[in-house]
Each structure stands twice: as structure tokens, then as C-alpha cells.
Amino acid sequence: NTENLSETGCFIILDMNRSKLARKTELQMVFTDISDKTPIKGIVRWIQEWGSSYKKLPGIGVEFSEIKGKQILELLNA
């Protein structure tokens, strides 16, 4: 699941107890809600662990490093 989706990135909710990622980790994401399933490349910019802030979900802040314009439009309208 994602939150705070924008043209430049998003927050991905993850169970950080099972998935440890470091800042600057490069990753590829496929968003199932859009027609173009080409992987979108991104970089982990920040990490939010369980319990790091009251009522905040755990996950990662990702900056898109390679994404098609059509994918951005579809994501923003999904």
C-alpha cells in the first residue's frame, strides 16, 4: 500500500520487522493499479520504523528515479 503519492515519489507501507531496507537502496516497483506494468525505479530516501512516531505506519519514503510520464498520470489519477 502507498500513501502520499506525488510526481516525485511515495510512501510505501511495510512491516519493517520483516523487511529491513537501508537509505539509498535502489529498488524497482510495479504498481498493479495502472496499465503500464513496466517497473518503476526508485531510491529509498527515508525509513519509518514501528514506534518511531505515534500513530504512524512503518514503511519507506521512495523517490522515483525512473518513471514514465504516462505512469505518473495514471498513478495520480488512480
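Before reading on, note that the structure itself is shown above.
Bear in mind that the values here come from a model prediction, so they are computed numbers and not experimental data.

Here is what the cut-offs are and how they apply
- Residues numbered from 1 in each chain as written.
- Predicted model: local features only at pLDDT ≥ 70, side-chain atom pairs only at ≥ 80, totals over all residues.
- Heavy atoms only, no water.
- Helix = DSSP H or I, 4+ residues; strand = E, 2+ residues; numbered from the N terminus.
- Contact = heavy atoms within 4.5 Å.
- Lys, Arg positive; Asp, Glu negative; His and termini not counted.
- Charge placed at Lys NZ, Arg CZ, Asp CG, Glu CD.
- Phe/Tyr/Trp six-rings, centres within 6.5 Å; stacked < 30°, edge-to-face > 60°.
- Buried < 20%, exposed > 50% of the residue type's maximum accessible area, 1.4 Å probe, protein only.
- Salt bridge = Lys/Arg side-chain N within 4 Å of Asp/Glu carboxyl O.

J.: Lay out the overall build of the protein in plain terms, naming residues and giving numbers.
T.: Assigned secondary structure in the protein consists of one helix and five strands. What you see in the protein, going N to C, is helices and strands ordered as β-β-β-β-β-α. Projecting the C-alpha coordinates of the protein onto the three principal axes gives extents of approximately 35 × 25 × 20 Å. The long-range fraction of contacts in the protein, counting pairs at least 24 apart against all pairs at least 6 apart in sequence, stands at 51%. Looking at the protein, you have 11 positive and 10 negative side-chain charges, and the mean spots of the two groups are 5 Å apart.

J.: So what's going on with the packing of aromatic side chains? Which residues, and what values?
T.: Here the structure, examined in full by the defined rule, presents two aromatic pairs. Seen from their ring centres, Phe11 and Trp46 are 5.2 Å apart, and the 15° between their planes marks the pair as stacked. With a gap of 35 residues between them, Phe11 in strand β2 (residues 9-13) and Trp46 in strand β4 (residues 40-48) connect regions that are remote in the sequence. Its relative accessible area of 4% is what places Phe11 among the buried residues. On the basis of relative accessible area, Trp46 is assigned to the partly exposed category, the value being 38%. Both rings, one in Phe31 and one in Phe64, keep their centres 6.5 Å apart while their planes meet at 85°; by these two values the pair is edge-to-face.

J.: Can you lay out the pattern of salt bridges for me, pointing to particular residues and giving the numbers?
T.: A side chain of one charge can pair with a side chain of the opposite charge if their charged atoms are brought near each other. Applying the stated rule across the entire model yields three salt bridges. A salt bridge links Lys68 to Asp36; the nearest nitrogen and oxygen atoms lie 3.2 Å apart. With Lys68 in the loop between β5 (59-66) and α1 (69-77) and Asp36 in the loop between β3 (26-29) and β4, this residue pair connects regions lying 32 residues apart in the sequence. In this structure Asp36 comes out as buried when scored by relative accessible area, which is 15%. The salt bridge partner of Lys41 is Glu66, with a shortest N-O separation of 3.9 Å. With a gap of 25 residues between them, Lys41 in strand β4 and Glu66 in strand β5 connect regions that are remote in the sequence. Classification of Lys41 by relative accessible area gives partly exposed; the value is 33%.

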